[in-house]
Amino acid sequence: MLQKECFLKLLLLVVSLVVAASGADKFSRQDFPPGFVFGAGTSAYQVEGAANEDGRTPSIMDTWAHSDSVITSGANGDIACDQYHKYKEDVQLMAEMGLDAYRFSISWSRLIPNGRGPVNPKGLQYYNNLINELVSDGIEPHVTLHHFDLPQALEDEYGGWISQNIVKDFVEYADVCYRMFGDRVKYWTTFNEANIFSMAGYDLGFLPPTRCSSPFGYFNCTRGDSSLEPYLAAHNILLSHASATRLYRKKYQNIQKGYVGLNLLSFHSVPATNKTEDVIAAQRTNDFFMGWFVEPLVHGDYPEVMKKNAGSRLPSFTALESQRVKGSFDFFGVNFYIATYVKDNSEGLNIEPRDYKADMAVEWQFTQGNASSTNRLLPSFEIPLTPWGLQGVLELFKQNYGNPPVFIHENGQRTQRNTTLEDWPRIQCLQEHISVLLDTVRNGSNVKGYFTWSLLDVFELLDGFRSGYGLYYVDLDDPELRRYPKLSAKWYSRFLKGGGITPDGGIELSSNWSSLSSAQVMK
Ligand code: FCB
């Protein structure tokens, strides 16, 4: 009997060793559930150009990029990649690459130049053309309504997102989009990075509409209130999102059969030490960062710790608002680039006044890379890879928020422009994150798709054209703005077409499963 048990154990061991040696870590897209979407993304102001053409008026992004902004170093999106004129060519690139879906955003001030009122026929025509082109190539449009680019007219008129007036105007804009494009668009995201927009635009003041107050903020803002406005803007964003979703459900969802979601950026936070206060600090950071929006949408109210630390500066929901906000989503969009380590800074809670960041009461530290990232050279310009953070944020959704459908809307690697088309750091980023994603799917996360940022090297929020995240390089010195595939575009394309990925990021041909070196991928 004992002998038999020993033999069985031995057999099991041998089988698992053989499985390990035969490359159990190798994966391909066939390992993902049917219908799992792979795509790439951009956003209107960052890619379209034609900023002053065909009736478009400025958004708060235009104003910001044209101010003496330090971060974009004089660059702006007036021309960007000129996708407005080159959309056919770009859709062709997507089709050749084998993308299932394209995530892009609509420029509100191109479609409705004054923010409300008449629709601009040229704007309407442009988005109809783009959507038709995508659909005819079998590429699913995933559309964002607000990617940091509120019409400047509404900012000037009543202060944009800090006024409740915005809710009505946003819902009317959403209505136009559902009505005009909803026969072909099934995936609507109301806001890109609602949390970053509220924090960076109204507390730290380095993104549009660059509002902040001293001593907070990274720049000397001329107006704003860092203690109050981030909370106010977020609140109005939540109410706008809920109303726009409600409208879709009442008027369109039955016929159009689409979905509405909201997008957030996650800096998935883990404790810097195993001290209890740091463990609590990490939970608090996730509450402040993700819970700020996810808790109201899932449970109908802000996290307790936010109510406690921000006190009366945090707006409250009426019973009706809470009821309407709760459940007003079909999916969440998550952007993930890097995880953070945090330490408790509760002492900061004794200081007055405080901004949103001080209410969080933590010290943040970006990860200095981890063991899995050291097998290739990663100059400091690039983002240290922390794919475990992607797993962390998906676990958070699974365990704390009822495992709703999630799309990874952005993930990618930043490299210096004009260096090389052989962008191994980007390939490594794709490989490590897609691999982790597969693990999370196997562990029961309800993740539905993955979009890499970005299709092209676009006008970047943090540094204009000095860096790029693109699968395609755009030659800005060429009047034609020609696009060139980087190595990552070829790698992604092979993956999309069924190629297997080996643990070191190499890609195999599906036909003979022979490993490809970088030189071979280039061919
Ligand atoms: C995100 C933005 C996106 C892009 C990337 C790099 O925060 O959503 O527009 O610029 O960062």
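Up top is the structure.
Residues numbered from 1 in each chain as written. Predicted model: local features only at pLDDT ≥ 70, side-chain atom pairs only at ≥ 80, totals over all residues. Heavy atoms only, no water.

Participant: Describe the environment of N446, and please don't skip the residues or the numbers.
Facilitator: Turning to its location among the elements, N446 is positioned in the loop between α16 (424–442) and β12 (447–453). N446 sits 44 residues away from G402 along the chain, and the two C-alpha atoms are 9.7 Å apart. Those residues in contact with N446, other than ones at most four positions away along the chain, are N403, P404, P405 and V406. (Helix = DSSP H or I, 4+ residues; strand = E, 2+ residues; numbered from the N terminus. Contact = heavy atoms within 4.5 Å.)

Participant: How would you explain the packing of aromatic side chains if you had to name every residue and give the values?
Facilitator: Taken as a whole and judged by the stated rule, the model has 48 aromatic pairs. Consider the rings of F331 and F407, whose centres lie 5.3 Å apart with planes at 85°: the pair is edge-to-face. Residue F331 is located in strand β7 (residues 331–336), and its partner F407 is located in strand β10 (residues 406–410); the two are separated by 76 residues in the primary sequence. Neither residue differs from the other here; F331 and F407 are each classed as buried. An aromatic cluster is defined as three or more aromatic residues linked by ring pairs; in this entry it consists of F27, F32, F36, F38, Y450, W491 and F495. (Phe/Tyr/Trp six-rings, centres within 6.5 Å; stacked < 30°, edge-to-face > 60°. Buried < 20%, exposed > 50% of the residue type's maximum accessible area, 1.4 Å probe, protein only.)

Participant: How would you explain helix α10 (residues 229–256) if you had to name every residue and give the values?
Facilitator: Residues spaced three or four apart along an α-helix point in a common direction, a consequence of the helix completing one turn every 3.6 residues. Where α10 bends most, at R249, the angle is about 50°. Two residues or fewer past α10, K257 is found with a positive phi of approximately 60°. (Bend = angle between axes of the 7 residues up to and from the residue.)

Participant: Describe the sheet that holds strand β8 (residues 340–344), and please don't skip the residues or the numbers.
Facilitator: One open sheet holds the three strands; their spatial order is β6-β8-β9, and the pairing between them is mixed. Strand pairing shows two members of the sheet lacking a second neighbour, β6 (269–271) and β9 (362–366), which therefore form its edges. The average undirected angle you get between the axes of adjacent strands in this sheet is 35°. For β6 and β8, the ladder comprises three bridges, and the chain directions are parallel. Bridge assignment links P271 to a residue of β8, and that residue is V342. (Pairing = 2+ DSSP bridges. Axes fitted to C-alpha atoms, helices over the stretch in contact; angles between N-to-C directions.)

Participant: Give me the side chain of E460: which residues, what numbers.
Facilitator: Along the polypeptide, E460 turns up in the loop between β12 and β13 (467–468). Buried E460, no salt bridge; nearest opposite-charge side chain is R414, N-O distance 7.4 Å. Ignoring sequence-local partners within four residues, the contact set of E460 consists of Q46, T72, W453, S467 and Y469. (Lys, Arg positive; Asp, Glu negative; His and termini not counted. Salt bridge = Lys/Arg side-chain N within 4 Å of Asp/Glu carboxyl O.)

Participant: Before we move on, can you summarise the nonpolar core with the specific residues and values?
Facilitator: Ranked by size, the top nonpolar core spans 147 residues in total, and within it W161, F181, W188, I434, Y492 and F495 carry the most contacts. Considering each element in turn, this core owes the most residues, 11 residues, to α10. (Core = buried A, V, L, I, M, F, W, Y, C linked by side-chain atoms within 4.5 Å.)

Participant: So what's going on with the site of the ligand? Which residues, and what values?
Facilitator: Within the structure, the ligand sits among Q46, H147, N192, E193, N335, Y337, E410, W453, E460, L461 and Y469. With respect to the ligand, the side chain of H147 contributes an N or O atom lying 2.8 Å from an oxygen atom. With respect to the ligand, the side chain of E193 contributes an N or O atom lying 2.8 Å from an oxygen atom. Here the ligand, which alone exposes 290 Å², has 90% of that area covered by the protein. Partitioning the shell around the ligand into residue classes produces four nonpolar, four polar and three charged. (Near = heavy atom within 4 Å. Polar contact = N/O pair within 3.5 Å; in protein donor to acceptor, adjacent residues only side chain to side chain. Areas by Shrake-Rupley, 256 points an atom, 1.4 Å probe, with all protein chains shown as cover. Nonpolar A, V, L, I, M, F, W, Y, C, P; charged D, E, K, R; others polar.)

Participant: Which residues make up the pattern of salt bridges, and what values do they have?
Facilitator: A complete count under the given rule lists 27 salt bridges for this structure. Where D169 meets R116, a salt bridge forms, and the shortest distance between an N and an O atom there is 2.7 Å. Taken together, the residues span a long stretch of sequence, with D169 in helix α8 (residues 165–181) and R116 in the loop between α5 (108–111) and α6 (121–136) at a distance of 53 residues. On the basis of relative accessibility, which here comes to 3%, the residue D169 falls in the buried class.

Participant: With reference to specific residues and values, describe the state of the cysteines.
Facilitator: A complete count under the given rule lists one disulfide for this structure. In this model C212 forms its disulfide with C221; the gap between the sulfur atoms is 1.8 Å. Linking C212 and C221, the disulfide has an S-S dihedral of approximately 95° and is accordingly described as right-handed. (Disulfide = S-S within 2.5 Å.)

Participant: Please set out the sheet that holds β12 residue by residue, giving values where relevant.
Facilitator: With parallel pairing, the eight strands of this closed barrel are ordered in space as β1-β2-β3-β4-β5-β7-β10-β12. Strand-to-strand, the axes of this sheet are offset by a mean angle of 25°, without reference to chain direction. Of the pairings in the sheet, the one linking β7 to β10 comprises four bridges and is parallel in character. Following the sheet pairing, G333 is matched in β10 by F407. Sheet strands in contact with helix α11 (residues 276–299) are β5 (259–266) and β7, and its direction is about 155° off that of β5.

Participant: I'd like a description of the layout of surface pockets, backed by residues and values.
Facilitator: Volume-wise, the largest pocket comes out at about 850 Å³. Together, 31 residues line the largest pocket, and L265, F267, F366, L462 and Y469 are the ones closest to its centre. Counting residues per element, the ones that place at least two in the lining of the largest pocket are α9 (194–202) and β9. When residues in the lining of the largest pocket are grouped by element, the largest group, three residues, is from α9. Here the residues of the lining of the largest pocket sort into 21 nonpolar, four polar and six charged. (1 Å grid on protein atoms, 1.4 Å probe; cavity = no way out; pocket = protein on both sides within 12 Å on 5 of 7 lines; lining within 4 Å. Points joined across faces, edges and corners; volume = space filled by probe spheres on them.)

Participant: Pulling in residues and values, what's your account of the environment of D439?
Facilitator: For D439, the position within the fold is in helix α16. Classification of D439 as partly exposed rests on a relative accessible area of 34%.

Participant: Any details on helix α17 (residues 487–496)? Residues and values, ideally.
Facilitator: Counted residue by residue, α17 has eight buried out of 10 residues, so it is predominantly covered. What α17 keeps buried is the set L487, S488, A489, W491, Y492, S493, F495 and L496. Of the residues trailing α17, G498 is marked for its positive phi of about 110°.

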